[in-house]
Amino acid sequence: MIHYKELGLVNTRELFKKAMDGKYAIPAFNFNNLEQMQAIISACVETKSPVILQVSSGARKYANQTLLRFLAQGAVEYAKELGYPIPIVLHLDHGDSFELCKNCIDMGFSSVMIDGSHLSFDENIALTKQVVEYAHKHDVSVEGELGVLAGVEDEVSSEHHTYTQPDEVIEFVTRTGVDSLAISIGTSHGANKFTPAQCTRDANGILIPPPLRFDILEEIEKCIPGFPIVLHGSSSVPLAYIETINKYGGELKDSIGIPEEQLRRATTSAVCKINIDSDGRLAMTAAIREMFAKKPGEFDPRKYLGPARDELKKLYMHKTVNVLGSAGKA
Ligand code: G3H
Ligand code: 13P
Ligand code: ZN
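All of these numbers come straight from a predicted model, not from anything done at the bench. (Residues numbered from 1 in each chain as written. Chains lettered and ligands numbered in written order. Predicted model: local features only at pLDDT ≥ 70, side-chain atom pairs only at ≥ 80, totals over all residues. Heavy atoms only, no water.)

### Re the overall build of the protein
Part 1 of the reasoning: A tally of regular secondary structure across the protein gives 12 helices and 12 strands.
Part 2 of the reasoning: In terms of overall dimensions, the protein has a C-alpha envelope of 60 × 50 × 35 Å along the principal axes.
Part 3 of the reasoning: Expressed as a percentage of the 330 residues in the protein, the buried residues total 56%.
Part 4 of the reasoning: For the protein, the proportion of contacts with a sequence separation of at least 24, taken over those separated by at least 6, is 76%.
Part 5 of the reasoning: For the protein, the exposed surface amounts to about 14,400 Å²; the carbon and sulfur share of it is 53%.
Part 6 of the reasoning: Once the 34 positive and 43 negative side-chain charges of the protein are each reduced to a mean point, those two points are 6 Å apart. (Helix = DSSP H or I, 4+ residues; strand = E, 2+ residues; numbered from the N terminus. Buried < 20%, exposed > 50% of the residue type's maximum accessible area, 1.4 Å probe, protein only. Contact = heavy atoms within 4.5 Å. Areas by Shrake-Rupley, 256 points an atom, 1.4 Å probe, with all protein chains shown as cover. Lys, Arg positive; Asp, Glu negative; His and termini not counted. Charge placed at Lys NZ, Arg CZ, Asp CG, Glu CD.)

### A closer look at the packing of aromatic side chains
Part 1 of the reasoning: The tally for this structure, following the rule as stated, stands at 4 aromatic pairs.
Part 2 of the reasoning: When the centroid spacing of 6.5 Å and the interplanar angle of 45° are considered together, the rings of Phe-121 and Phe-172 count as tilted. Placement of Phe-121 in helix H6 (residues 121-137) and of Phe-172 in helix H7 (residues 166-176) is noted, with a sequence separation of 51 residues between them.
Part 3 of the reasoning: Given the relative accessible area of 21%, Phe-121 is considered partly exposed.
Part 4 of the reasoning: Arg-69 extends its terminal NZ or CZ atom over the ring of Phe-70, reaching a point 4.4 Å from the ring centre.
Part 5 of the reasoning: Above the face of the Phe-214 ring, Arg-265 is positioned so that its terminal group lies 3.8 Å from the ring centre. (Phe/Tyr/Trp six-rings, centres within 6.5 Å; stacked < 30°, edge-to-face > 60°. Lys NZ or Arg CZ within 6 Å of the ring centre and 35° of its normal.)

### Describing the coordination of the zinc ion (ligand 3)
Part 1 of the reasoning: For the zinc ion (ligand 3), the full set of protein donor atoms is His-94 (NE2), His-189 (NE2) and His-232 (ND1), at a range of 2.1 Å.
Part 2 of the reasoning: In terms of primary sequence, the donors binding the zinc ion (ligand 3) are separated according to H-x94-H-x42-H. You can see His-94 sitting in strand E3 (residues 88-95) and its partner His-232 sitting in the loop between strand E11 (229-231) and helix H9 (239-247), a full 138 residues away along the chain. Here His-94 matches His-232 in class, with each residue buried. (Donors = N, O, S within 2.8 Å, 3.2 Å for Na, K, Ca; no water.)

### Looking at the site of ligand 2
Part 1 of the reasoning: The full set close to ligand 2 counts 16 residues, and Asp-93, Lys-193, Ser-235, Asp-277 and Ser-278 are the nearest of them.
Part 2 of the reasoning: One of the side-chain N or O atoms of Asp-93 is found 2.7 Å from an oxygen atom in ligand 2.
Part 3 of the reasoning: Contact between ligand 2 and Gly-190: an oxygen atom at 2.8 Å from a main-chain N or O atom of the residue.
Part 4 of the reasoning: When ligand 2 sits alone it has 310 Å² of accessible area, and the protein chains cover 96% of it.
Part 5 of the reasoning: Mapped by element, the contributors of at least two residues to the shell around ligand 2 are E3 and strand E12 (271-276).
Part 6 of the reasoning: Taken together, the residues of the shell around ligand 2 sort by class into 1 nonpolar, 12 polar and 3 charged. (Near = heavy atom within 4 Å. Polar contact = N/O pair within 3.5 Å; in protein donor to acceptor, adjacent residues only side chain to side chain. Nonpolar A, V, L, I, M, F, W, Y, C, P; charged D, E, K, R; others polar.)

### Some remarks on a nonpolar patch on the surface
Part 1 of the reasoning: A contiguous nonpolar surface patch, about 230 Å² in accessible area, is contributed by Ile-206, Ile-208 and Leu-239.
Part 2 of the reasoning: Tracing the sequence through the fold places Ile-206 in the loop between strand E9 (200-201) and strand E10 (207-208).
Part 3 of the reasoning: Given a relative accessible area of 37%, Ile-206 falls into the partly exposed group. (Patch = residues over 30% accessible without salt bridge, like charges linked within 9 Å, V, L, I, M, F, W, Y side chains within 5 Å. Salt bridge = Lys/Arg side-chain N within 4 Å of Asp/Glu carboxyl O.)

### Quick word on the nonpolar core
Part 1 of the reasoning: Formed by 101 residues in total, the largest nonpolar core has its most connected members in Phe-31, Ile-41, Leu-53, Ile-88, Leu-181 and Ile-229.
Part 2 of the reasoning: Discounting residues that sit within four places of it in the chain, Leu-181 has contacts with Gly-144, Glu-145, Leu-146, Val-169, Phe-172, Val-173, Ile-224, Phe-227, Pro-228, Ile-229 and Val-230. (Core = buried A, V, L, I, M, F, W, Y, C linked by side-chain atoms within 4.5 Å.)

Rendered as structure tokens:
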């Protein structure tokens, strides 16, 4: 058993309290490899933002769980070396079982998500409570989820949103003891969050997705005032990346994300954590495709992973400064 405090990591308690008071959100960026970790940490150090490093079960399978944990431990040292030791949380994204959450807690994670959103209400409560009981013994934070996002969540996919029901949240948070709650108000995972048929067009023909359900968010806030809320599926799918990817051989169609203004509005509410993964994937892919197309003779991975890492860093800096408002809060 390794405790996260020995690794210099922090849980989410203080971070969420400050984010709630200061009306900003902590970025939760997924990582699977060295370059993503370097980009996240250097961007957050440079903008003095606290950060949540997220590891999904897919990431654990891809990169090896032990290596990822050591990368997170390395991230703490890397931030110090860059000259500003920002608060870093190591978080399990979409944990689907007690055993997985326990395993992560035992190997140094400071926060876990137990995603029982596909279970019945009572089963979700029972599973979440079991994780909370173990996690809290180790001062680890727990994120639960109520409501189902449209799109794909790991192996589970759902065509329609099942919005979080405000009348369920009080019972869920009191019976489980969770520290934060992921809700469904219209965000969704991946780069195709809406079909064009669900959108309207502006004067330039750009697709405008339906707005998030701020009315549901407000209802939830009334039921559990001051309780930290999490938004998954919050990539904005920048058009510039889609255009670059398709210009250099990609075939992405109908890629639509959550407009940044909607996310900025959400940060002024009880939303304390915003999850972003797909935008990072798009940034890396755009940079790598462009590099391959322009320099077809290049075969040193550093020559394409380097520019991809630079683009990622730029993206993350933009998120902390202009979207989440977490810059300068570390
Ligand atoms: O919500 C899911 C995250 O984007 C992680 O995706 O399961 O493909 O690693 P993944
Ligand atoms: P995106 O696919 O919108 O980046 O969402 C990521 C996420 O919610 C990770 O849990
Ligand atoms: Zn998610």
